[in-house]
Amino acid sequence: MSIYDHSLQDDDWSTGMLYFRETLQVLILDVEGQCERVGGGNVPWELRQDAIDFGDALVESSDGKLGDEVLDEIRALVDALKELPESAYQGDAVTALNHPQWSVVRRIAAKLVERL
């Protein structure tokens, strides 16, 4: 791998980390704040998918940039999001985001905000 390729990978990883951190900042907001920040009618779905996609990408590409504990916390967040029932990310955004399982997601996200 050339230095140029390695540099591009580092840039991609940094960009992914930036987007993941931004997603975490939205995940820790209350329902009203999440709806306002994301906008539109698919807020729960968008939050869920963004956090899963960015989290999975960071875990796969970490290559030693993140410690095992942080990687485990990211995996826990992704797992919690994947375990959300459909009613927690479909239908009316406010109702969906008030599903009790989102509190688990918010707690894990808050821990990650402190660690990253």
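A short tour of the structure in this document, coming up. (Residues numbered from 1 in each chain as written. Predicted model: local features only at pLDDT ≥ 70, side-chain atom pairs only at ≥ 80, totals over all residues. Heavy atoms only, no water.)

### Looking at the environment of Glu60
At step 1: One can find Glu60 in helix α3 (residues 43-61).
At step 2: Given the relative accessible area of 70%, Glu60 is considered exposed. (Helix = DSSP H or I, 4+ residues; strand = E, 2+ residues; numbered from the N terminus. Buried < 20%, exposed > 50% of the residue type's maximum accessible area, 1.4 Å probe, protein only.)

### A few points about the pattern of salt bridges
At step 1: In the structure shown here, the tally under the stated rule is four salt bridges.
At step 2: Two residues, Asp56 and Lys82, come together in a salt bridge whose shortest N-O distance is 3.8 Å. Here Lys82 lies in helix α4 (residues 68-82) and Asp56 lies in helix α3, a separation of 26 residues in the sequence.
At step 3: For Lys82, a relative accessible area of 44% corresponds to the partly exposed category.
At step 4: Measuring nitrogen to oxygen at the nearest pair gives 2.9 Å for the salt bridge that ties Asp72 to Arg75. Remark: Arg75 and Asp72 occur in helix α4; sequence separation between them is three residues, near one turn of the helix.
At step 5: A residue is classified by how much of its surface remains accessible, and Asp72, at 46% relative accessible area, is partly exposed.
At step 6: Among the residues examined, Arg75 registers a relative accessible area of 37% and is labelled partly exposed.
At step 7: Salt bridges here are not isolated pairs; linked through shared partners, they connect Glu69, Glu73 and Arg115. (Salt bridge = Lys/Arg side-chain N within 4 Å of Asp/Glu carboxyl O.)

### What to know about the nonpolar core
At step 1: Leu27, Leu77, Leu81, Trp102, Val105 and Leu112 are the most contacted members of the largest nonpolar core, which has 31 residues in total.
At step 2: Contributions of two or more residues to this core are made by α1 (3-27), α2 (31-38), α3, α4, α5 (93-97) and α6 (101-115).
At step 3: Examining the composition of this core, we find that seven residues originate from one element, α4, more than from any other.
At step 4: With residues near it in sequence (within four places) discarded, Leu81 still touches Arg48, Ala51, Ile52, Trp102 and Val105. (Core = buried A, V, L, I, M, F, W, Y, C linked by side-chain atoms within 4.5 Å. Contact = heavy atoms within 4.5 Å.)

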